[in-house]
Amino acid sequence: MPSLRETRESNNAELFRTETRKLMIPAADVACVNGHNSLEHALLILTQSGYTAIPVLDRSGAVKGVINSTLIIKAILGLSGYEVEKLSEKKVEEVMSVDVPKVKESQLFLRPFELSITWPFLCVEDDAGKFVGILTRRTILAQLYQYFRRHRDE
Ligand code: AMP
């Protein structure tokens, strides 16, 4: 039977040795758009999904940025008001933020935890640079909560 200390160490290891792939939301369940899509399409996906910001992919399936409704609204604002026709004219890649946090799916817990202080979600990619999912701050906080619950009496 493992000693209390050994059990504690293995519990520590459990979380801090967990790979990002085990915690992420897989790409198939993530709302995202392509860089060549129109702003109109992106606004539709953002509105329907209810998410504040979503990843932008290129044709090869790599993450290129993040788009949100504030960026879209700003992009269609002209001198004399909103120019709604720009929604179909402009492409997502012209407007997206390219400042996007990425981690490899094999990345262990501590780095995503650190990044989640700044970012509400991280884009996860495989070794070839293909988008495979996102890791949200919510998931990271839930893992930490479980961790502290397990350790609260030590
Ligand atoms: P949460 O921590 O669940 O509130 O998610 C944080 C952020 O991650 C959301 O505001 C969205 O920008 C993004 N997000 C979470 N889940 C998804 C999803 N399934 N598809 C696209 N974006 C998502």
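Look a little higher up for the structure.
Let me sum up the structure you'll find in this document. (Residues numbered from 1 in each chain as written. Predicted model: local features only at pLDDT ≥ 70, side-chain atom pairs only at ≥ 80, totals over all residues. Heavy atoms only, no water.)

### Observations regarding the site of the ligand
Here comes step 1: As a matter of local geometry, the ligand sits amid 13 residues, with Asp29, Ala31, Tyr51, Ala53 and Arg138 nearest to it.
Here comes step 2: Alone, the ligand offers 480 Å² of accessible surface; in the complex the protein occludes 83% of this.
Here comes step 3: Listing elements by their share of the shell around the ligand, those giving two or more residues are β3 (53-57) and β9 (131-136).
Here comes step 4: Of the residues assigned to the shell around the ligand, the class counts are nine nonpolar, two polar and two charged. (Near = heavy atom within 4 Å. Areas by Shrake-Rupley, 256 points an atom, 1.4 Å probe, with all protein chains shown as cover. Helix = DSSP H or I, 4+ residues; strand = E, 2+ residues; numbered from the N terminus. Nonpolar A, V, L, I, M, F, W, Y, C, P; charged D, E, K, R; others polar.)

### Here's the deal with the pairing of β9
Successive side chains on a regular strand alternate, one facing one side of the sheet and the next facing the other.
Here comes step 1: In terms of burial, β9 is a largely internal element, six of the six residues being buried.
Here comes step 2: Inspection of the sheet shows strand β1 (residues 25-26) paired to β9 by two bridges, in the antiparallel sense. The residue bridging proline 26 from the neighbouring strand is glycine 133, located in β9.
Here comes step 3: The pairing of strand β8 (residues 121-125) with β9 spans five bridges and is antiparallel. Paired with valine 124 across the two strands is glycine 133, which belongs to β9.
Here comes step 4: Remark: five residues form the turn of the hairpin made by β8 and β9, two consecutive strands paired antiparallel; glycine 129 in that turn has positive phi of roughly 85 degrees. (Buried < 20%, exposed > 50% of the residue type's maximum accessible area, 1.4 Å probe, protein only. Pairing = 2+ DSSP bridges.)

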